[in-house]
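Single-letter residue listing:
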Amino acid sequence: MNASSPRSPNRRLILSRSAALVGASSVGLLLPQIVRAQSNKVRVGFMLPYTGTFAQLGVAIENGVRMAIAEKGGKLGGREIEWYKVDDESEPSKGVENASKLVQRDKVDVLIGTVHSGVQMGIQRVVRDAGVLSIIPNAGVHAATRALCAPNVFRTSFTNGQPSQALGKPMMDKGLKRTVWISWKYAAGDESLEGFKEGYLKAGGTIIKELSLPFPNVEFQALLTEIASLKPDAVACFFAGAGAAKFMKDYAAAGLKERIPLYGSGFLTEGVIEAAGPAAEGVYTTLHYADSLDIPRNKQFRSAYASQFKLQPDVYAVQGYDSGQLLLQGMAAVKGDMSNKAALYKALETTVIDSPRGKWAMSKAHNPVQDIYLRVVEKGDNKVLGVAAKALADSGVGCKL
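Cut-offs used in this document
Residues numbered from 1 in each chain as written. Predicted model: local features only at pLDDT ≥ 70, side-chain atom pairs only at ≥ 80, totals over all residues. Heavy atoms only, no water. Helix = DSSP H or I, 4+ residues; strand = E, 2+ residues; numbered from the N terminus. Buried < 20%, exposed > 50% of the residue type's maximum accessible area, 1.4 Å probe, protein only. Contact = heavy atoms within 4.5 Å. Salt bridge = Lys/Arg side-chain N within 4 Å of Asp/Glu carboxyl O. Phe/Tyr/Trp six-rings, centres within 6.5 Å; stacked < 30°, edge-to-face > 60°. Lys NZ or Arg CZ within 6 Å of the ring centre and 35° of its normal. Polar contact = N/O pair within 3.5 Å; in protein donor to acceptor, adjacent residues only side chain to side chain. Arc of directions from axis to C-beta. 1 Å grid on protein atoms, 1.4 Å probe; cavity = no way out; pocket = protein on both sides within 12 Å on 5 of 7 lines; lining within 4 Å. Points joined across faces, edges and corners; volume = space filled by probe spheres on them. Nonpolar A, V, L, I, M, F, W, Y, C, P; charged D, E, K, R; others polar. Expected span 1.5 Å × (residues − 1). pLDDT = per-residue confidence, 0-100. Disulfide = S-S within 2.5 Å.

### Overview of unusual backbone geometry
Next, step 1: Of note, the amide linkage connecting glycine 113 to threonine 114 takes the cis form, showing an omega dihedral of 5 degrees.
Next, step 2: Looking at where threonine 114 falls in the secondary structure, it is placed in the loop between strand E3 (110-112) and helix H5 (117-130).
Next, step 3: Following phenylalanine 215, the chain continues into proline 216 via a peptide bond in cis, with omega recorded as 0 degrees.
Next, step 4: As for its placement among the helices and strands, proline 216 is situated in the loop between strand E7 (206-214) and helix H9 (221-230).

Here's what the structure looks like:
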């Protein structure tokens, strides 16, 4: 029997290998079980948006993760890495199915994802059932580190309420006692309002009206007319992406910009200052990062990232980078032995991350306890004015850890 015979075991193995590699999105994906069984590699799966509106965010997160690990020799706890990728398409209805591909089909040891809070709820369901280590590099949905928290789920970004919670004191320090809130009516908008209420009301402010419109509607005119008639001391809001740019432009065009100061969760001005143009100038926001943050760790990170990827890093790249740092420290603590879950989770819970955003620690519910910065758009940049809230922790209410 020669090697070209249809019955040849060698030929069958070659064919199976060829079939397994078809459609693989990077080298090393979908290797045959026979090869995997002999491998001591850590399987790390990315479930991120690689197409659609949030594709750029997914790429930035993956870049950050890979960069952090490459800086420490490219291994986790002394073990080589086998990478897997699934495009979640920012489609919540596919969240469980896509997470299951990584957990059940690819048998990943670690799942890193995602950006969209709706998709995150699908991931949460799968990883809680399977017990696979999961790191959330962006999605801020409260439940992930509140009612649906889990020993194996850790977040390296924020809860939706954290940035807006920090608005309260800076606004009251400026005597802005009567505020109108405006946002899209969906989970991120609702949770941002929850955070704003917690911080602003505690500081002594009054929300005179809560305005909203369906996501992703950007017909703001009627609501801006209402704001003008209410004559508040300030407006606070949650918008992001192209909708945020349009809101700032419409706000200025309505003649409100010069009369009523505009404040927002930091995503109002992230990545859209150029699109908003002069309308963004003078807008105040609070966020856990700013490109211009003047600390050595940030300067070092930005230089290295730009050199490696020929792109300027953003908050999403930082969150990916910190996800990589967290994983590195946890794996180092257990010398690569992921079966030692108690020690691994303990290490992840107690580590301090030396981040480009400033050092941060993990809360009991597995969410960052971090400084939130007050920023103002000046000459096309989010200029840092200071710390709006020091070591701010999400409440973690409902978490049983």
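### Observations concerning the side chain of serine 134
Next, step 1: If you trace the backbone, serine 134 turns up in strand E4 (residues 133-136).
Next, step 2: For serine 134, a relative accessible area of 0% puts it in the buried group.
Next, step 3: Filtering out sequence-adjacent residues up to four positions away, serine 134 remains in contact with Leu111, Ile123, Val127, Asn152, Val153 and Phe154.

### Observations regarding the pattern of salt bridges
A pair can form between side chains of opposite charge whenever their charged atoms are brought close.
Next, step 1: Overall, the coordinates contain 19 salt bridges when judged by the stated rule.
Next, step 2: Measuring nitrogen to oxygen at the nearest pair gives 2.5 Å for the salt bridge that ties glutamate 226 to lysine 209. Placement of the pair is glutamate 226 in helix H9 and lysine 209 in strand E7, with a sequence separation of 17 residues.
Next, step 3: Here the salt bridges do not stand alone but share partners, grouping Glu62, Arg66 and Lys85 into one network.

### Side note on the packing of aromatic side chains
How two aromatic rings sit relative to each other is given by the distance of their centres and the angle of their planes.
Next, step 1: Scanning the model with the defined rule gives 18 aromatic pairs in all.
Next, step 2: Residues phenylalanine 158 and phenylalanine 267 carry aromatic rings whose centres are separated by 5.1 Å and whose planes lie at 45 degrees to one another, so their mutual orientation is tilted. You can see phenylalanine 158 sitting in the loop between strand E5 (153-155) and helix H6 (161-165) and its partner phenylalanine 267 sitting in the loop between strand E9 (262-265) and helix H11 (273-276), a full 109 residues away along the chain. Summarising the burial analysis for this pair, phenylalanine 158 and phenylalanine 267 share the class buried.
Next, step 3: Plain terms: the ring middles of phenylalanine 196 and tyrosine 200 are 4.9 Å apart, the flat faces sit at 15 degrees to each other, and that makes the pair stacked. Here phenylalanine 196 pairs with tyrosine 200, and both are found in helix H8 (residues 187-202), just 4 residues apart, close to one helical turn. When sorted by exposure, phenylalanine 196 lands in the same class as tyrosine 200, which is buried.
Next, step 4: Ring pairs connect the aromatic residues Trp184, Tyr186, Phe215, Phe220, Phe239, Phe247 and Tyr251, which therefore count as one cluster.
Next, step 5: Residue placement shows arginine 66 over the ring face of tryptophan 83; its charged tip is 4.4 Å from the ring centre.
Next, step 6: The ring of tyrosine 50 has lysine 85 sitting right over it, with the charged end atom 4.6 Å from the ring centre.

### Let's talk about the side chain of aspartate 371
Next, step 1: Assignment of secondary structure puts aspartate 371 in strand E13 (residues 368-378).
Next, step 2: Side-chain polar atoms of aspartate 371 contact the side chain of lysine 390, separated by 3.0 Å.
Next, step 3: Among the polar contacts listed, one links the side chain of aspartate 371 to the backbone nitrogen of alanine 391, at a separation of 2.8 Å.
Next, step 4: Apart from residues no more than four positions distant in its own chain, aspartate 371 is found in contact with His288, Val387, Ala389, Lys390 and Ala391.

### Some remarks on helix H14 (residues 341-350)
Next, step 1: Listed in full, the buried residues belonging to H14 are Leu344, Tyr345, Ala347 and Leu348. With its buried residues spanning 155 degrees around the axis, H14 presents them on a single face. Exposed residues lying more than 90 degrees from the buried face of H14 are Ala342, Lys346 and Thr350.
Next, step 2: In this fold, the buried residues of H14 make contact with E4, E5, helix H13 (315-333) and strand E12 (360-362).

### Observations regarding the layout of surface pockets
Next, step 1: Considering only enclosed or pocket space, the largest pocket measures out at about 1,400 Å³ in volume.
Next, step 2: Taken together, 48 residues form the lining of the largest pocket, with Phe54, Leu57, Gly241, Glu270 and Tyr316 sitting closest to its centre.
Next, step 3: Secondary-structure elements contributing two or more residues to the lining of the largest pocket are helix H3 (55-71), H5, H8, helix H10 (241-253), H11, helix H12 (296-309) and strand E14 (381-392).
Next, step 4: For the lining of the largest pocket, the element with the highest residue contribution is H3, accounting for 5 residues.
Next, step 5: Its residues assigned to classes, the lining of the largest pocket shows 24 nonpolar, 18 polar and 6 charged.
Next, step 6: Roughly 180 Å³ of volume is contained in the second largest pocket.

### Points about H3
Next, step 1: The end-to-end C-alpha distance of H3, which contains 17 residues, comes to 24 Å, matching closely the 24 Å that a straight helix rising 1.5 Å per residue would cover.
Next, step 2: A large share of H3 lies buried, amounting to 12 of its 17 residues.
Next, step 3: Listing the buried residues of H3 in full gives Ala55, Leu57, Gly58, Ala60, Ile61, Glu62, Asn63, Gly64, Val65, Met67, Ala68 and Ile69.
Next, step 4: Summarising the contacts, the buried residues of H3 are in contact with strand E1 (42-48), strand E2 (81-87), E3, H12 and H13.
Next, step 5: The first or second residue beyond H3 is glycine 73, which carries a positive phi of 100 degrees.

### Brief notes about the confidence of the model for the chain
Should the pLDDT be low somewhere, the predicted coordinates at that spot are not to be read in detail.
Next, step 1: Chain-level statistics for the chain give a pLDDT mean of 91 and a share of 90% at 70 or above.
Next, step 2: Counted against residues more than four places away or in other chains, residues 1-38, with its pLDDT under 50, gives 36 contacts.

### Digging into the state of the cysteines
Next, step 1: A complete count under the given rule lists 1 disulfide for this structure.
Next, step 2: The residue that forms a disulfide with cysteine 149 is cysteine 399, at a sulfur-sulfur distance of 2.2 Å. Here the disulfide of cysteine 149 and cysteine 399 is right-handed, its torsion about the S-S bond being about 95 degrees. Highlighted residues: cysteine 149 in the loop between E4 and E5 and cysteine 399 in the segment after E14, separated in sequence by 250 residues.

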